[in-house]
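Given next are the chains, with one letter for each unit.
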Amino acid sequence: MYKYCLHCEWQISTADGYTDEEISKRAIDHFVETGHTVDSVRLPPPVVLEN
Ligand SMILES: [Zn+2]
C-alpha cells in the first residue's frame, strides 16, 4: 500500500517498512494535524518481463 498527500510532500509506503495498519493510522494523523487530503494507491504487482 502507498498513501500520499494531495497538498504537500507527505507520503508513506509499505516499501519503507510500514504495515498497512501503520500507514492507515499515520494517514489519519496527517489529516487530523493538517487537514490535508491523503489519497491511497494500491501498488500494482511487479511486472513480469517476458524474454
Ligand atoms: Zn499534507
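What you see as residue numbers is a count from 1 along each chain, following the sequence as written. The predicted origin of the model limits local features to residues at a pLDDT of at least 70 and limits the giving and counting of side-chain atom pairs to 80 or more, whereas totals for whole chains, interfaces and linings rest on all residues.

**Here we look at the overall build of the protein**
Consideration 1: Under the scheme used here, helices are H or I runs from DSSP no shorter than 4 residues and strands are E runs no shorter than 2 residues, and both carry numbers assigned from the N terminus. Helices and strands together make up the secondary structure of the protein, namely one helix and three strands.
Consideration 2: Secondary structure elements of the protein, listed N to C terminal, follow the sequence β-β-α-β.
Consideration 3: Two things to know: the radius of gyration comes from C-alpha atoms, and the globule rule equals 2.2 Å times the number of residues to the power 0.38. Expected size for 51 residues packed as a compact globule is a radius of gyration near 10 Å; at 13 Å, the protein overshoots this value by more than 25%.
Consideration 4: Here exposure depends only on C-beta density: within 10 Å of a residue's C-beta, 20 or more other C-beta atoms make it buried, 12 or fewer make it exposed, and intermediate numbers make it partly exposed, the C-beta atoms being placed from the backbone. Out of the 51 residues in the protein, the part that is buried amounts to 12%.
Consideration 5: Each residue is represented by a C-beta atom placed from its backbone, and any two residues with such atoms within 7 Å are regarded as in contact. Contacts spanning at least 24 positions in sequence make up 49% of the contacts within the protein whose residues lie at least 6 apart.

**Side note on the environment of Gly35**
Consideration 1: Of note, Gly35 is situated in the loop between α1 (20-34) and β3 (38-41).
Consideration 2: The exposure class of Gly35 is exposed, given the 8 C-beta atoms found within 10 Å.
Consideration 3: On a C-alpha basis, the gap between Gly35 and His7 in space is 9.5 Å, while along the polypeptide they are 28 residues apart.

**Considerations on α1**
Consideration 1: A helix is expected to reach a length of 1.5 Å times the quantity of its residues less one. Across its 15 residues, α1 extends 21 Å between first and last C-alpha, which sits within 8% of the 21 Å expected from 1.5 Å per residue.
Consideration 2: Looking at the buried residues of α1, the elements they touch are β1 (2-5), β2 (11-13) and β3.
Consideration 3: Just downstream of α1, Gly35 is the residue with a positive phi angle, here 80 degrees.

**Thoughts on the pairing of β1**
Consideration 1: A pair of strands counts as paired when DSSP detects no fewer than two bridges linking them. Here β1 runs beside β2; their pairing, made up of three bridges, is antiparallel. For Tyr2, the partnering residue across the bridge sits in β2 and is Ser13.
Consideration 2: Linking two consecutive strands that pair antiparallel, namely β1 and β2, is a turn of five residues.

**Notes on the environment of Glu22**
Consideration 1: Here Glu22 is to be found in helix α1.
Consideration 2: Once the C-alpha coordinates of Glu22 and Val47 are considered, the two residues, 25 residues apart in sequence, prove to be 26 Å apart.

**A look at the confidence of the model for the protein**
Consideration 1: Each residue gets a pLDDT score, which is the predictor's confidence in that residue and runs from 0 to 100. Taken residue by residue, the protein gives an average pLDDT of 90. The fraction at 70 or more is 92%.
Consideration 2: β3 is the least confidently modelled element of the protein, averaging 91 in pLDDT, while α1 averages 96, the highest of any element.

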